[in-house]
Amino acid sequence: MSASTNSEKHELILLSESPYDTPNPNKALDDPEGLSAIGGDLSSTRLLHLYSKGFFPWFSDPDPILWWHPEQRCTLNPDHFHISKSLKKAIKKDQWLFSVNQEFESVIGYCSALRADKEGTWISKDIKNAYTKLHKLGYAHSIEIWQKNKLVGGFYGIAMGNMFFGESMFSLIPNASKIALKTFCELTKDCGIELIDCQVESDHLLSLGAKKMPREDFCDVLEQLIPNIKKNSVLISIGKKPEKQPI
């Protein structure tokens, strides 16, 4: 079922009950850019399937679930992470520790709460429940940054095959989220992660080395890096180590 726009090329579809219902990304709307579908649910099966095809949910309550596939995708090659002089100085100045998958619910909670305080958040209770379930299934992961015994920053996302789909990050003190991303980029060498999806561009992400990738190229990369939907066993293994590690 579809809702036609003014252009025959573009359409906004209403997802069926099947978790494998897949919109055509090339028919996503131009305005707003990348909006492809409405509805469906946040089941683990649907989320994993649509992420593997390049779609992601982004909406605010009480709106229906909206699925996006931008024409220009913001991506980060882990080898191209840019460490500024100020970030190097911040890392040397204090003692930073990191952990993986030790505080997933705290990380997603901070990401939600801090954005709600500023501009509102798409990380609703339903989103938190859905991604926490993916975490328990071994697909969603968090990187945590600590100073002493206090959680001060981090981010979370979904890993499938050799792809990582970044969702959101937070900082309670300056540079904490940047250090989380830097740390993860260094871990990718052991995890086999070749590309990080940052979804929508921002000046902040571009300053850290992210680049824009055309939709067609992004879809080709997904086919190469996600030959099948499987868990990243290395990230799971790292997360089983309870001790915090120095940066």
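Residues numbered from 1 in each chain as written. Predicted model: local features only at pLDDT ≥ 70, side-chain atom pairs only at ≥ 80, totals over all residues. Heavy atoms only, no water.

Turning our eyes to something else, we now look at the confidence of the model for the chain. Any region with low pLDDT has predicted coordinates that should not be read closely. Averaged over all residues, the pLDDT of the chain equals 92, while 94% of them reach at least 70. With pLDDT under 50 throughout, residues 1-7 is counted as low confidence; its partners more than four residues away or in other chains account for 10 contacts. (pLDDT = per-residue confidence, 0-100. Contact = heavy atoms within 4.5 Å.)

Taken together, the eight strands give an open sheet; going across it, the order is 12-6-11-10-9-8-7-13, and neighbouring strands pair in mixed fashion. Among the strands making up the open sheet, the edge pair consists of strand 12 (211-214) and strand 13 (245-246). Across four bridges, strand 6 (residues 72-76) lies against strand 12 in antiparallel orientation. Bridge pairing in strand 12 places Thr75 opposite Lys211. (Pairing = 2+ DSSP bridges. Helix = DSSP H or I, 4+ residues; strand = E, 2+ residues; numbered from the N terminus.)

This part is about helix 2 (residues 85-93). Regarding helix 2, the residues found buried are Leu87, Ala90 and Ile91. Summarising the axial view, the buried residues of helix 2 lie within an arc of 100°, below the 170-degree limit, and thus occupy one face. Of the residues in helix 2, the exposed ones pointing more than 90 degrees away from the buried face are Lys85, Lys89, Lys92 and Lys93. Each element contacted by the buried residues of helix 2 is listed here: helix 5 (176-191). (Buried < 20%, exposed > 50% of the residue type's maximum accessible area, 1.4 Å probe, protein only. Arc of directions from axis to C-beta.)

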